[in-house]
Amino acid sequence: MDSDLSLDFLRVVEQAAIACAQTMGQGDRHKSDQVAVEAMRREMDSVPIDGTIVIGEGERDEAPMLFIGEKVGMAHRAPNGRVFPQVDIAVDPLEGTNLCATGAPNAIAVLAASEHGGLLHAPDLYMEKLVVGPSSKDVVDLDAPVRFNLRAIAQALGRRVEDLVVIVLDRPRHAQLVDEIRSTGARIRLIGDGDLSAGIAAAVVGSGVHAVMGIGGAPEGVLTAAAMRCLNGEILARLVVSTPEHEERCRAMGITDVKRVYRAKDLASGERLIFAATGVTDGALMRGVRFFGDGTRTTSLIMQTHPHQIRFIDSIQVNTQKDVRIRF
Ligand code: VTB
């Protein structure tokens, strides 16, 4: 996969973010998601790839666009004999639909891309996750007691457990987890949605987040893994398979060992990965979309493994022909 695709994918997440940011605070999460999906789908067709959506909005019968298995990219828009690279793509056009609908922080538009076969085809089930940054990646264990993991993370970071900040999705299913974290004295940030942007923050020094714990969506787990591959962080994860129907869905996607503990390199095994995200609402690492009349300003994070680089990008799309004034 050609590394030059990074700027093409940047455009894709920027356009998705701009579209849904326009609906911020309207209280209609489905509308916010829909406009993000449409914008992402539209922009995707101008990317010079022979692309396949491997993580998307759902199966074809429940999602009209960006469904799993959908072919995207220039190879499918106007085939003219030109050969394009085969690329698998995981998308979440709007991660944190409620966050956007209520104007809360940390909604992002995001995708990850890899050469064919480099992203796990995860069913849309729940997943247990533990996400940490580079210094803690080798000292945590998904099956260890919370107390043990937090002590290990604190030690790796050279600080007290009481100084850690752990992000947990605010859900009744996490009551016991929250009790356990509290009993260690660690600090907690409960979030309404968006464990993917939380996971990215946990892998970036200076974000003020040291771990993400708890159960969220499996598709976002794969996207988190792609980000961890670029940031040298780690995700430990296991699908939550509690019914025969869940097992069947795993098998249908080629997963036989449903109890497996995955690491980032298992969920996003690609040799060449690209991860792109644009802030929709203000967040820890990216500001939200700003509309200033003459233009639109976005901040994005674009990362890749080959060449291994992380870019924080500040873009201004100019709307008018007038003398636009650009502020630093
Ligand atoms: C959401 C969302 C997360 O998982 O919580 C979802 O905020 C599933 O959890 O970011 P619920 O069914 O309890 O809402 C994520 O989408 C991703 O892991």
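Rules used throughout
- Residues numbered from 1 in each chain as written.
- Predicted model: local features only at pLDDT ≥ 70, side-chain atom pairs only at ≥ 80, totals over all residues.
- Heavy atoms only, no water.
- Patch = residues over 30% accessible without salt bridge, like charges linked within 9 Å, V, L, I, M, F, W, Y side chains within 5 Å.
- Areas by Shrake-Rupley, 256 points an atom, 1.4 Å probe, with all protein chains shown as cover.
- Salt bridge = Lys/Arg side-chain N within 4 Å of Asp/Glu carboxyl O.
- Helix = DSSP H or I, 4+ residues; strand = E, 2+ residues; numbered from the N terminus.
- Buried < 20%, exposed > 50% of the residue type's maximum accessible area, 1.4 Å probe, protein only.
- Pairing = 2+ DSSP bridges.
- Contact = heavy atoms within 4.5 Å.
- Core = buried A, V, L, I, M, F, W, Y, C linked by side-chain atoms within 4.5 Å.
- Domains from an automatic or database assignment.
- Buried area = accessible area lost by both parts, 1.4 Å probe.
- Polar contact = N/O pair within 3.5 Å; in protein donor to acceptor, adjacent residues only side chain to side chain.
- Near = heavy atom within 4 Å.
- Nonpolar A, V, L, I, M, F, W, Y, C, P; charged D, E, K, R; others polar.
- Lys, Arg positive; Asp, Glu negative; His and termini not counted.

A.B. asks: How should a nonpolar patch on the surface be read in this particular structure?
C.D. replies: On the surface, a cluster of nonpolar side chains totalling about 260 Å² of accessible area is made up of Phe 292, Val 318 and Ile 326. Here Phe 292 lies in the loop between strand 11 (290-291) and strand 12 (295-305). Judged by its relative accessible area of 34%, Phe 292 falls in the partly exposed class.

A.B. asks: Before we go on, may I ask you to explain the pairing of strand 5 (residues 126-132) in this structure?
C.D. replies: Consecutive side chains along a regular strand alternate between the two faces of the sheet. Most of strand 5 is tucked away, with 5 of its 7 residues classed as buried. As defined by bridge partners, strand 5 adjoins strand 8 (residues 211-217) across 7 bridges and the pair is classed as antiparallel. Its bridge partner being in strand 8, Val 131 is matched across the sheet by Val 212. As defined by bridge partners, strand 5 adjoins strand 9 (residues 234-239) across 6 bridges and the pair is classed as antiparallel. Paired with Val 131 across the bridge in strand 9 is Ile 235.

A.B. asks: Explain the side chain of Asp 195 here, please?
C.D. replies: Note that Asp 195 resides in helix 7 (residues 195-202). On the accessibility criterion, Asp 195 (10% relative accessible area) is buried. Those residues within four positions of Asp 195 in sequence are excluded, and the remaining contacts are Glu 95, Lys 129, Leu 169, Val 212, Gly 216, Gly 217 and Glu 220.

A.B. asks: Got a minute to help me understand the nonpolar core in this structure?
C.D. replies: The tendency in soluble globular proteins is for nonpolar side chains to be buried as a group. The biggest cluster of nonpolar side chains holds 49 residues, and the ones touching the most others in it are Ile 200, Met 228, Ile 235, Leu 267 and Phe 275. Among the elements that make up this core, the one with the highest residue count is helix 8 (residues 218-231) (9 residues). Looking at this core, you find at least three residues from each of domain 1 (5-116 + 273-318) and domain 2 (126-267). Among residues more than four places away in sequence, those in contact with Ile 235 are Lys 129, Leu 130, Val 131, Gly 221, Thr 224, Ala 225, Met 228, Tyr 262, Arg 263, Ala 264 and Leu 267. With 36 residues, the next largest nonpolar core counts Leu 5, Val 47, Leu 111 and Val 280 among its residues.

A.B. asks: Hey, could you run me through the domain arrangement of the chain in this one?
C.D. replies: Partitioning the chain into domains gives domain 1 (5-116 + 273-318) and domain 2 (126-267). Taking only C-alpha atoms, the centre of domain 1 and the centre of domain 2 are 24 Å apart. Listed by partner, the interface residues are 24 residues for domain 1 and 20 residues for domain 2. Summed over both sides, the interface of domain 1 with domain 2 buries roughly 1,800 Å², with 78% coming from carbon and sulfur. On the surface where domain 1 and domain 2 come into contact, there are 0 salt bridges. For the interface between domain 1 and domain 2, the tally reads 5 residue pairs in polar contact (both at pLDDT 80 or more). Taken together, the elements giving at least two residues each to the side of domain 1 that touches domain 2 come down to strand 3 (86-95), helix 4 (97-102), strand 4 (108-115), strand 10 (273-279), strand 12 and strand 13 (308-318).

A.B. asks: Even after reading the chapter, I still don't get the site of the ligand, so can you show me in this structure?
C.D. replies: Surrounding the ligand, one finds Glu 95, Tyr 126, Lys 129, Leu 169, Arg 171, Arg 173, Asp 193, Gly 194, Asp 195, Gly 216, Gly 217 and Glu 220. Within the side chain of Arg 171, a nitrogen or oxygen atom sits 2.7 Å from an oxygen atom of the ligand. Protein contact buries 78% of the 400 Å² of open area that the ligand shows by itself. Sorting the residues of the shell around the ligand by element identifies strand 5 and strand 8 as the ones contributing at least two each. For the shell around the ligand, the class distribution of residues is 2 nonpolar, 3 polar and 7 charged.

A.B. asks: What is the right way to read the side chain of Glu 14 from this model?
C.D. replies: Looking at the element boundaries, Glu 14 is found in helix 1 (residues 5-21). It turns out Glu 14 is buried and unbridged, and the closest side chain with the opposite charge, Arg 11, is 7.5 Å from it. Apart from residues lying up to four places away in sequence, Glu 14 is in contact with Thr 278, Thr 298, Ser 300, Ser 315 and Gln 317.

A.B. asks: I'm lost on the pairing of strand 12 in this one. Help?
C.D. replies: Burial analysis of strand 12 places 11 of its 11 residues in the buried class, which makes it a mostly covered element. In strand 12, alternate side chains face the same way, and those of Gly 295, Arg 297, Thr 299, Leu 301, Met 303 and Thr 305 on one face and Thr 296, Thr 298, Ser 300, Ile 302 and Gln 304 on the other are all buried. Bridge count between strand 10 and strand 12: 5 bridges; the pairing is antiparallel. Note on strand 12: the bridge partner recorded for Ala 276 is Ile 302. The pairing of strand 11 with strand 12 spans 2 bridges and is classified as antiparallel. When the sheet's bridge partners are listed, Arg 290 is paired in strand 12 with Arg 297. What sits between the antiparallel neighbours strand 11 and strand 12 is a turn of 3 residues, in which Gly 293 has the positive phi angle 85°. Hairpin connection, strand 12 to strand 13: the antiparallel pair is bridged by 2 residues.

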